[in-house]
Structure formats: C-alpha cells, structure tokens
Amino acid sequence: MSCLQREPELSRSQELLRIASRKKAIQKNVKLLGRLHYSDLQFLLQGGDLLKVRSSSWKKTRYFRLQEDCKTMWRESKKTFKSKQTFSLDDIAEILMGRQSEGLKKNTEEQVESRCFSIMFKGRRKNLDLIASSEEEAKQWVKSLQKVVSNINNLSRQQTTDCLRKADKNKDDKLSESEVKNFLRLINIEVDDDYAEMLFKKCDKSKSGYLAGEEIEHFYDLLTQREEIDVIYGEYAKTTGFMSPQNLVDFLMKEQRGKATLADAHKIIEKYEPDEHAKEKKLLSKDGFLMYLHHPEAMILNPEHSEVYQDMSQPLSHYFISSSHNTYLMEDQLKGPSSTEAYVRALLKGCRCVELDCWDGSEGEPLIYHGYTLTSRILFKDVIKAIKEYAFKTSDYPVILSLENHCCVEQQAVMAHHMSSILGSALVTSPLGDGMPTNFPSPEELKGKFLIKGKRLNKLEACFASETAADEDTDVTEEEERDIKLESINSHFGRHVIFTHLYILFNIVHFHGFDDARKNLSFYEMSSFKEAKAVTLAEESANAYVRHNVEKLSRIYPAGKRTDSSNYDPVPLWNAGCQIVALNFQTTCNDMDVNQGRFLVNGKSGYILKPAFMRDITTEFDPITLTRGDWLKHKTLHIMVISGQQLPKVNKKKSSIVDPLVKVEVHGVPADVAEKETRPVDNNGFNPEWNENFQFDVYVPELALVRFVVEDHDSTSDNEFVGQYTLPFTSLQLGYRHVPLLNKNGDLLPSAGLFVHVMVMDAE
C-alpha cells in the first residue's frame, strides 16, 4: 500500500508538535474505541491510494486516510475549490466487499472482483465505489472500516468537545470572547451579547481577555450543567453529597418503579462511577449518576425488549412481519433506479419480506424491475446473491421472497436454478414434517431459512396425494419416476404459476370474502390487498378481518397512484391483524418511523407476536367498536417533557439556531390516537427546557405506539423535522428517562436526545 505525503511542508519543530498532538489525540480515541485492534486503526490512519470509480471511463486514483478524531475519513480531491474533503464514519451504512454495487457491476470487469469494495452511505447519498491495488489490501480496508464503524458510537459524546476545537480559530488552545460566541452558535444555542459577555467574564478568572485551561473547563461545565439532574440527584444524595448504594436503591424503586437490590446498586456504581475515590467508598457522584441515566439500560426503551423476548414458536400467521414493497427501487415507481443495494438496506433494517418483480431478460437471464415503467433493470441472480449475503445480518429469522412472476417457462426454470444453487439448503423446498401440514411452521423452526411466496395451479394437498399414489406404484423404475416428475412440473408451469416443485409456502389466491376464505381456503392460501380495499375491510368488517388473520396471512401493498413511493399508515392494518403490511422502505416519512418503532423491539427480529386476543379464532375483538373483553386494559399515560440535549441544526448555516418544540403522539386503535405538543423554545437547540405535562388515555396498550417528535418551530411556514423516536407502549420504562433521537433516515443522532418522566396508571 502506498502512503503519499499530501500536507504542506512544516518546520522540524512544527512537525514534532504536530506528531505529538496527533499521537495524543489518537491514544485518547483508541481508548474510546474499545475493542478495535490497534493494527486496524494504524492502517486507516496511515491511509493509502485507492482507485475511485464513477463510470467506465472515470476511474481516478485518490488518497484516503482516517483523521486523528478516529471518526472522520479524509479524501484527496483534485478540485481547487472543493470545500468538503471529508465524510463521517457515522454516515456509513455498510461496507460491501467485491462488485456488489450497481456502479461496480456496470463499470468494472469481473477480473477485478476481489480488489473491489463499496462504501454504502445512509440515506440516498451515492455509494463510494473503490478498487484497491490487491485483494489483501481490499480485505484490510473492509475489515478495518467495519471495525471502526461498529465502535464509532463510543465517540458520539465527544461532539461538544469537537465544537470547542473548531471554535478555536487560531489553534492557540485559548478562546477569545468572539470565539466563545462562535462556539455557542456551533452547538446550536443563541444568546444575546450581554449574556455571552457575562458568561465569558465569569469564567475569565485571570482577567486576560481569553479563556484557557481550567477556565475553558469551567465554561464547559457551566454550559453542560443540567439543573433538572441537580434537583433529582440532590433529592437522593444523602451521604455527604453523594449517593450511597441505599440512596440509589431508593431512587430506582421510588422514581424508576423498578425492583432493585443493594447488589444492583453496587454493580451500577462499579460500572458507571468515573471517580476512583468515590468508587472505592461505594458512592455514586453526580457525574456517575448522569452517565448511568445515559446508558441504554436506563433509557426509555426496556432493555429486555432489545433482545428476542417473545415466544417465537407460534405459527407464522400469529406475527406482524416487517415487509417491503417493490424492494428493488431506490426512489420513485416510474423512472427511478433499481438496485441490489435497496435489498441490502431493507434487510439491514430488519425487513423479513422482500418483493421481486420478475421479467424475461435477454440471453436467458431473468430481470427485476417495475414493469411497463422506465425504472432500471437488475439481474435476478444478483438480487438473490445480495439477499443471501445480507438476509441474516440483523435478524436470524426467516426471509420471505415475495415473487411476482411475469417470466416464460424457460426463464422460470432459470430462476428456480438460481434460487436453489445460490440459497442452497437455506431455501425451504418441502414441508418441515412428514405428511401434509395443517398450520404454518414457526419463526423459530425456520431460523436462517428462505421461504417462497408466489402462485401455483393446484393445491398443496394434491401434490401429497400424487406422491402417495406414486409410492404405492412399485412397478415404476427410477428413470420413469424422474420423467413423470418432470412432466408433472412442466404441466404446472405457466405465466402466473411458478416453482410448484420448490414448495411455495404462501400461495397467492383471489379474495372472495371472509366466508369463502373460511370454507374453501387452506391455511397457506393468502391474498394481497391494495391499501384502500384493506382499509375498507379494517373499518367495516374489523372483527371478521381479525379472525381471518388468525390462521391465514394477509399482505397489504401501496396504491398504484403512489408513483412517488409515498407510504400509507400501517397502524389500522395492524389493528386488523394483517401480518405483511408492505411499505416503501426507500421513503422517509412518518409512516416509516412508526413502522420502525413497531419492529424496534424483540431483538429487531422483524417478527412481533400479535396480542393473545388476535391469535384466538373465536375472538370478539373489534378495534373500531372496542366491545368489552380482555383487550380493554384502560391505562393513563403521563409524560412530562423536561428538557432536550444537543439538538442538531436543521439549517447548517452558522447563524441558524433551532426553536425546538416536542410533539408526543400515541398511535393505535382509533380510541387511542392522540397528539400533544409543547411550546417552542426560542434560539436554543443545545439545552432547551420545557417542563410540560401531558396525559393520554390508552385503551388497548398492546397495540399502542408512543412517538416523540422534535420540530423546529416556524411561525410563517410548516415546522421542520429535527428528530424522532417511536417505541411500543408496552416497552416504555417508567420514571426519569432519556429518549434517543433518530434522523429522517432512521439513524441515530449522536448526542441528541430528550429527557422525560413517564408514569403509567390504571384508569379509574
């Protein structure tokens, strides 16, 4: 690997200072990165030349290296006025080894496969397609980047410190009054000149006209002081100004409504107390207390629900399943690009049902694209390879291949070959047990497996009947049996009948009403509904729909008029028990936020067990009328929105400061749907305070979701989205809790969050 000098020449003393400073920064961040192996970090810090690929004719060598902060990559640019030559590792969604991206498949030859890799970014940002000088170097880049990215969250709390460094314009490790004002703007807080001057003079103990050393630390402490934490901590710190283990137990039991022992308190102190002297005395300082409150186990999401905690041994029809519509599309439904990357993104988000629209291609290779539109086309086999590679990175539970077949018999055979050869033994090709099944297998039984959803001419029972007859005919030779089987398979093939011999677990049929389905359809026969039809059924025949979905599956898909890939509200369909509510995963919107919230829990497995009253074929549950039953567990939800921390700017201009307000929404059955909001706080995204109380009535908590939304208030136009977080009502932790925030792409906003108090009571 070549390492080229790219920076301007420095004097010997300057070079030594730069090296010492860089080494110190690296050592600090190596500790923060924890499990990362030092050799991987050294490789990235040294950097090297890579061939950047944009097209078949544009391939240019560029130098890449990791910066000292260990979370930003610098890349060389030949453009004179190129302002941004860096990208944050936090923006990386995945690193793909080989020619997996559409750009590399299109613009490079197969012989460079082992030297290629792609950096796939979050959101709709274009991939960075790269070629290393050797296979070993490509593997080293991929391995090292993957390790750094997986550990990057350990550095997320350094954001404010980074802003302090940026504010120090002349890099003299001092802050003038103007640099202090610049720093305040960087961290998203606007103060008038008098307050900034007062703050500066309060910290300038030396009267030198600038802040240095401990004065900067004092300034930082004043800014990050959390009055609400001071009050809570002071209420329980009864041991010489610290929390003893018993004080901590009292807090956990009274405020957090949890069960806690002295042993639990000792573990918390040992894990989170940063002051060694306090730790030796078994005491928890205010800093340790705040560190604990910021840890995932103490945040608003019940940590037990971050793992698989539900019963996964029930039939597939008893689960809500994370599902994607036209998964191959990156943008709109008419002319946008199709890409294997879209499958990668969906699968990494926990999607368990992906759609493949299959059409005849040239040279006998089936294609995937949106028929009769201008969307681009990708090879069916490339999609299957991508699915195979990324299917089980986020979840071990089964992936459903929803095949919409438009291929001729010959290319259907090619598709069958690709699925069988690429997916191998992971593809379910026959029932799991002996004989004709009477119900769906469970997610647990199907771990690591691929299932086919498509169409077949005959019923599955007919195949078992013919097999039984064949077994009884002892005069048939092996060659004759093979010919009979092939003839049987070919007779079943047709434009809309696919892979009968590959065992279609989900057979698509037309819906002719709930009575017809109950009398004439087998458990594996399911229908797909346009959103409008499904919503009508959910509103007008809610209980019948819920009962139908106890034993059979329903798939819902967006209306054809949604050519912009917009989405619909999935909640009313979940209320009716529909399992496969397919959304356009490429579109960022409130509906996708809610979808992400629904599948946030149970280990992000993509399978959520429906409530017991939606798994009973005799259920009387009706989400519209809410007749009395076990599902009616009227609760009162009390939420106090206390404060916010380090909310990001919506507009990246220096002078732009957010005026944040918080909306709290409840999604669920119609009786539970509600929304309330705080007043806006002017010019403060760094540490706004609201201290506002809201109350919600929740009648069916097992179907309810709670969503926190932060917006930048604008009195003359629509508010702008800042961040949000959605989670199931039943996954809320009570007491004082921090709420993380996600951006519009569903990715974590480093350091940003809300501080709230949650209480749930039985309604009178």
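Everything numeric in this text was worked out from a predicted model, so none of it was measured. (Residues numbered from 1 in each chain as written. Predicted model: local features only at pLDDT ≥ 70, side-chain atom pairs only at ≥ 80, totals over all residues. Heavy atoms only, no water.)

Undergrad: Summarise the overall build of the chain; cite the residues concerned and give the values.
TA: A count of helices and strands for the chain gives 23 helices and 28 strands. Taking all 764 residues of the chain together, the buried fraction comes to 53%. Of all intrachain contacts in the chain linking residues separated by at least 6 positions in sequence, the fraction that spans at least 24 positions is 68%. Within the structure as shown, the chain displays about 35,700 Å² of accessible surface, and the carbon and sulfur contribution to it stands at 49%. (Helix = DSSP H or I, 4+ residues; strand = E, 2+ residues; numbered from the N terminus. Buried < 20%, exposed > 50% of the residue type's maximum accessible area, 1.4 Å probe, protein only. Contact = heavy atoms within 4.5 Å. Areas by Shrake-Rupley, 256 points an atom, 1.4 Å probe, with all protein chains shown as cover.)

Undergrad: Please provide a residue-by-residue account of the side chain of glutamate 228, values included.
TA: Tracing the backbone shows glutamate 228 in helix α9 (residues 227-236). A residue is classified by how much of its surface remains accessible, and glutamate 228, at 12% relative accessible area, is buried. Among the polar contacts listed, one links the side chain of glutamate 228 to the side chain of arginine 226, at a separation of 2.7 Å. Those residues in contact with glutamate 228 that sit more than four places away from it in its chain are Ile642, Ser643, Gln645, Glu689 and Phe755. (Polar contact = N/O pair within 3.5 Å; in protein donor to acceptor, adjacent residues only side chain to side chain.)

Undergrad: Please provide a residue-by-residue account of the pairing of strand β27 (residues 735-742), values included.
TA: Remember that side chains alternate between the two faces of the sheet whenever the strand is regular. In terms of burial, β27 is a largely internal element, eight of the eight residues being buried. When β27 meets strand β28 (residues 748-762), the two strands line up antiparallel, connected through seven bridges. In the strand pairing of β28, valine 739 is matched with leucine 754. Where β27 hands over to β28, the hairpin turn is made up of five residues, of which glycine 746 adopts a positive phi near 85 degrees. (Pairing = 2+ DSSP bridges.)

Undergrad: Describe the packing of aromatic side chains, listing the residues and the values that go with them.
TA: The tally for this structure, following the rule as stated, stands at 25 aromatic pairs. Relative to tyrosine 372, the ring of tryptophan 359 has its centre 5.2 Å away and its plane inclined at 85 degrees; by these criteria the two rings are edge-to-face. Separated by 13 residues along the polypeptide, tryptophan 359 in strand β11 (residues 353-359) and tyrosine 372 in the loop between β12 (367-368) and β13 (378-379) bring together distant segments of the chain. Looking at tryptophan 359, the relative accessible area reads 11%, which means it is buried. Judged by its relative accessible area of 79%, tyrosine 372 falls in the exposed class. Arranged with centres 4.7 Å apart and planes meeting at 50 degrees, the rings of phenylalanine 613 and phenylalanine 621 form a pair that is tilted. Accessibility classification places phenylalanine 613 together with phenylalanine 621 in one group, the buried group. (Phe/Tyr/Trp six-rings, centres within 6.5 Å; stacked < 30°, edge-to-face > 60°.)

Undergrad: How would you summarise the nonpolar core if you had to cite specific residues and measurements?
TA: Most often, soluble globular proteins keep nonpolar side chains buried together rather than apart. Leu356, Ile387, Tyr545, Phe621, Leu637 and Phe708 are the most contacted members of the largest nonpolar core, which has 98 residues in total. Setting aside its immediate chain neighbours within four residues, phenylalanine 621 contacts Asn543, Val546, Asn575, Phe613, Met614, Leu626, Trp631, Val669, Val700 and Leu703. Among the nonpolar cores identified, the runner-up in size contains 25 residues, and Phe64, Phe117, Phe121 and Ala132 belong to it. (Core = buried A, V, L, I, M, F, W, Y, C linked by side-chain atoms within 4.5 Å.)

Undergrad: Before we move on, could you go through the pattern of salt bridges and cite the residues and values that matter?
TA: Tallied over the entire structure, the rule returns 25 salt bridges. As a salt-bridge pair, glutamate 711 and lysine 663 come within 3.4 Å of each other at their nearest N and O atoms. Highlighted residues: glutamate 711 in strand β25 (residues 705-712) and lysine 663 in strand β22 (residues 660-667), separated in sequence by 48 residues. Assigned by exposure class, glutamate 711 and lysine 663 land together as buried. Across the pair arginine 679 and glutamate 692 runs a salt bridge whose closest N-O atoms are separated by 2.9 Å. You can see arginine 679 sitting in the loop between β23 (674-677) and β24 (689-698) and its partner glutamate 692 sitting in strand β24, a full 13 residues away along the chain. If you follow the salt bridges from partner to partner, you end up with Asp40, Lys143 and Lys147 in one network. (Salt bridge = Lys/Arg side-chain N within 4 Å of Asp/Glu carboxyl O.)

Undergrad: Please give an account of the side chain of serine 395 that cites residues and values.
TA: Its place among the elements puts serine 395 in the loop between α15 (380-390) and β14 (399-405). Here the side chain of serine 395 touches tyrosine 397 through a polar contact of 3.1 Å, landing on its backbone nitrogen. Not counting residues within four places of it along the chain, the set of residues in contact with serine 395 comprises Arg352, Lys604 and Ser605.

Undergrad: Provide a residue-level description of the confidence of the model for the chain, including the pertinent values.
TA: Mean pLDDT for the chain: 86, with 85% of residues reaching 70 or above. Taken as a whole, residues 154-158 scores under 50 in pLDDT and shows 16 contacts with residues more than four places along the chain or in a different chain. (pLDDT = per-residue confidence, 0-100.)

Undergrad: Just give me the short version of helix α10 (residues 245-254), but keep the residues and values in it.
TA: Taken together, the buried positions of α10 are occupied by Pro245, Asn247, Leu248, Val249, Phe251 and Leu252. Those residues of α10 hidden inside the fold are in contact with α9, α11 (262-272), α13 (286-294) and β27.

Undergrad: Just give me the short version of empty space enclosed by the protein, but keep the residues and values in it.
TA: Summed over all chains, the structure comprises one cavity of 30 Å³ or more. Its volume calculated, the largest cavity comes out at about 40 Å³. The residue inventory of the lining of the largest cavity, partitioned by class, reads three nonpolar, four polar and one charged. (1 Å grid on protein atoms, 1.4 Å probe; cavity = no way out; pocket = protein on both sides within 12 Å on 5 of 7 lines; lining within 4 Å. Points joined across faces, edges and corners; volume = space filled by probe spheres on them. Nonpolar A, V, L, I, M, F, W, Y, C, P; charged D, E, K, R; others polar.)

Undergrad: Residues and numbers for the sheet that holds strand β3 (residues 72-75), please.
TA: Ordered by their spatial adjacency, seven strands build an open sheet running β4-β3-β2-β1-β7-β6-β5, and the pairing between neighbours is antiparallel. If you trace the sheet from one side to the other, it starts and ends with β4 (86-88) and β5 (92-97), each paired once. For this sheet, the mean angle separating the axes of adjacent strands, direction not counted, is 35 degrees. Against the sheet, helix α14 (residues 340-348) contacts β5 and β6 (116-121), and its axis sits at roughly 60 degrees relative to β6. (Axes fitted to C-alpha atoms, helices over the stretch in contact; angles between N-to-C directions.)

Undergrad: Now, about a negative patch on the surface: what can you tell me, with residues and values included?
TA: On the surface, Glu214, Glu217, Asp221, Asp275, Glu280 and Asp287 cluster together into a patch of negative charge. Among the elements that line the negative patch, the one with the most residues is helix α8 (residues 214-224), at three residues. Positionally, glutamate 214 belongs in helix α8. (Patch = residues over 30% accessible without salt bridge, like charges linked within 9 Å, V, L, I, M, F, W, Y side chains within 5 Å. Lys, Arg positive; Asp, Glu negative; His and termini not counted. Charge placed at Lys NZ, Arg CZ, Asp CG, Glu CD.)

Undergrad: Lay out the pairing of β3 with the relevant residues and their values.
TA: Neither face of β3 is left uncovered, since the one carrying Thr72 and Trp74 and the one carrying Met73 and Arg75 both have all their residues buried. With three bridges joining them, strand β2 (residues 59-66) and β3 adopt antiparallel strand pairing. Note that in β3 the partner of arginine 65 across the bridge is tryptophan 74. Adjacent in sequence and paired antiparallel, β2 and β3 are bridged by five residues, among which cysteine 70 carries a positive phi angle near 60 degrees. Judged from the three bridges that link them, β3 and β4 form a sheet pairing that is antiparallel. Paired with threonine 72 across the two strands is serine 88, which belongs to β4.

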